[in-house]
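# Residue-level structural notes
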Amino acid sequence: MFANVGWGEMLVLVVVGLVVLGPERLPGAIRWSANALRQARDYLRTTTAQLREDIGPEFDDLREPLSELQKLRGMTPRAALTKHLLDGDDSLFTGMFDQPQQSVSQPATPSSAMPQLPTDGPAPFDADAT
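Computed from a prediction, not measured in an experiment: that's the story for all the values here. One numbering rule holds for all chains: residues counted from 1, following each sequence as written. pLDDT decides what is reported in this predicted model: residues at 70 or higher carry local features, side-chain atom pairs at 80 or more are listed and counted, and totals for whole chains, interfaces and linings draw on all residues regardless. Side-chain descriptors were evaluated using all non-hydrogen atoms of the structure, hydrogens and water having been removed beforehand.

### Let's talk about the overall build of the chain
- Secondary structure is summarised from DSSP: a helix means a run of H or I of at least four residues, a strand means a run of E of at least two, and numbering begins at the N terminus for each. On a plain count of helices and strands, the chain comes out with five helices and zero strands.
- Mapped in sequence order, the helices and strands of the chain form the string α-α-α-α-α.
- Buried, partly exposed and exposed residues are distinguished by accessible area as a fraction of the type maximum, computed with a 1.4 Å probe on protein chains only: under 20%, between the cut-offs, and over 50%, respectively. The buried share among the 130 residues of the chain stands at 5%.
- Total accessible area on the chain is roughly 12,300 Å²; 61% of this is exposed by carbon and sulfur atoms. In these tables, accessible area is a Shrake-Rupley quantity obtained with a 1.4 Å probe, and a residue counts as shielded only by the protein chains included in the view.

### Focus: a negative patch on the surface
- A cluster of like negative charges, contributed by Glu58, Asp60, Asp61 and Glu64, occupies part of the molecular surface.
- Among the secondary structure elements, Asp61 is positioned in helix H3 (residues 58-73). For patch detection, residues must exceed 30% relative accessible area and be free of salt bridges, and they are connected within 9 Å for like charges or within 5 Å for nonpolar side chains (Val, Leu, Ile, Met, Phe, Trp, Tyr). Salt bridge criterion: a side-chain nitrogen from Lys or Arg within 4 Å of a carboxyl oxygen from Asp or Glu. None of His or the chain ends enter the tally, which takes Lys and Arg as positive and Asp and Glu as negative. A charged residue contributes its charge at one atom only: NZ of Lys, CZ of Arg, CG of Asp or CD of Glu.

### Focus on the pattern of salt bridges
- For the structure on display, the rule yields one salt bridge.
- Across the pair Asp42 and Arg45 runs a salt bridge whose closest N-O atoms are separated by 3.0 Å. Within this pair, Asp42 and its partner Arg45 are both found in helix H2 (residues 26-55), separated by three residues, close to a single helical turn.
- Residue Arg45 is classed as exposed on the basis of its relative accessible area, which comes to 52%.

### Focus: the packing of H2 against H3
- In this description, a line fitted to the C-alpha atoms serves as the axis of each element, helices being fitted only across the stretch in contact, and the angle between N-to-C directions of two axes falls anywhere from 0 to 180 degrees. Closest axis-to-axis distance for the H2/H3 pair is 7 Å, and the angle between their directions is 115°. Considered as vectors, H2 and H3 are oriented roughly perpendicular to each other. On H3, the residues that touch Thr48, Leu51, Arg52 and Ile55 of H2 are Glu58, Phe59 and Arg63.
- Taken together, the residues of the contact of H2 with H3 break down into three nonpolar, one polar and three charged. Every angle not falling under 35 degrees, over 145, or within 65 to 115 is termed oblique; those three ranges are roughly parallel, roughly antiparallel and roughly perpendicular. Contacts are assigned to residue pairs that have any heavy atoms within 4.5 Å of one another. Ten residue types, Ala, Val, Leu, Ile, Met, Phe, Trp, Tyr, Cys and Pro, are classed as nonpolar, four, Asp, Glu, Lys and Arg, as charged, and the remainder, Gly among them, as polar.

### A look at the layout of surface pockets
- Every definition here rests on a 1 Å grid over the protein atoms only: cavities are sets of points where a 1.4 Å probe fits but cannot get out, pockets are open sets enclosed by protein on both sides within 12 Å along at least five of seven lines, and lining residues have some atom within 4 Å of a point. Grid points are joined across faces, edges and corners, and a volume is the space filled by probe spheres set on the points. What the largest pocket holds in volume is close to 400 Å³.
- Of all the secondary structure elements, the ones that give two or more residues to the lining of the largest pocket are helix H1 (7-21) and H2.
- For the lining of the largest pocket, the leading source of residues is H2, giving six residues.
- Per-class residue counts for the lining of the largest pocket are 11 nonpolar, two polar and no charged.

### Focus on a nonpolar patch on the surface
- The grouping of Leu11, Val12, Val15, Val16, Val19 and Val20 at the surface amounts to a nonpolar patch, some 580 Å² of accessible area in total.
- Along the chain, Val12 falls in helix H1.

### What to know about H1
- The span expected for a helix works out to 1.5 Å for each residue beyond the first. Between its first and last C-alpha, H1 extends 20 Å over 15 residues, near the 21 Å set by a 1.5 Å rise per residue.
- Phi turns positive one or two residues past the end of H1, at Gly22, with a value near 90°.

### Some details on the confidence of the model for the chain
- On average, the chain scores 75 in pLDDT, and the residues at 70 or more come to 73%.
- Per-element confidence in the chain ranges from a low mean pLDDT of 63 for helix H5 (residues 91-96) to a high of 90 for H2. The pLDDT score gives, residue by residue, the confidence of the prediction method on a 0 to 100 scale.

Dropping the structure here:
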């Protein structure tokens, strides 16, 4: 549950708790929080064990569709196309879309049909054209 909380975050929580609760009530609050988490974990563990006992072998059958849903939840459109339409063969995508595009080179001399516009400053304004 707290796998992503590092030591820095824990230190910030303790300092905030020290400021908010004070040094007298902070140890009691930490103790109460730890007991509440332990009780919640025990409750979930016993509930899961009781479900396994009551349902029996169907409990594992219930877990299979849930794991399939979890796999589908993380699937990208490219992975879905590859898996369902192309039977796992992604050579179509790797050959065509993964290569970087090369830029088109500019001609050495500008054509006379296109006038050169200044690149610095605002665009030119022609009052007769508007």
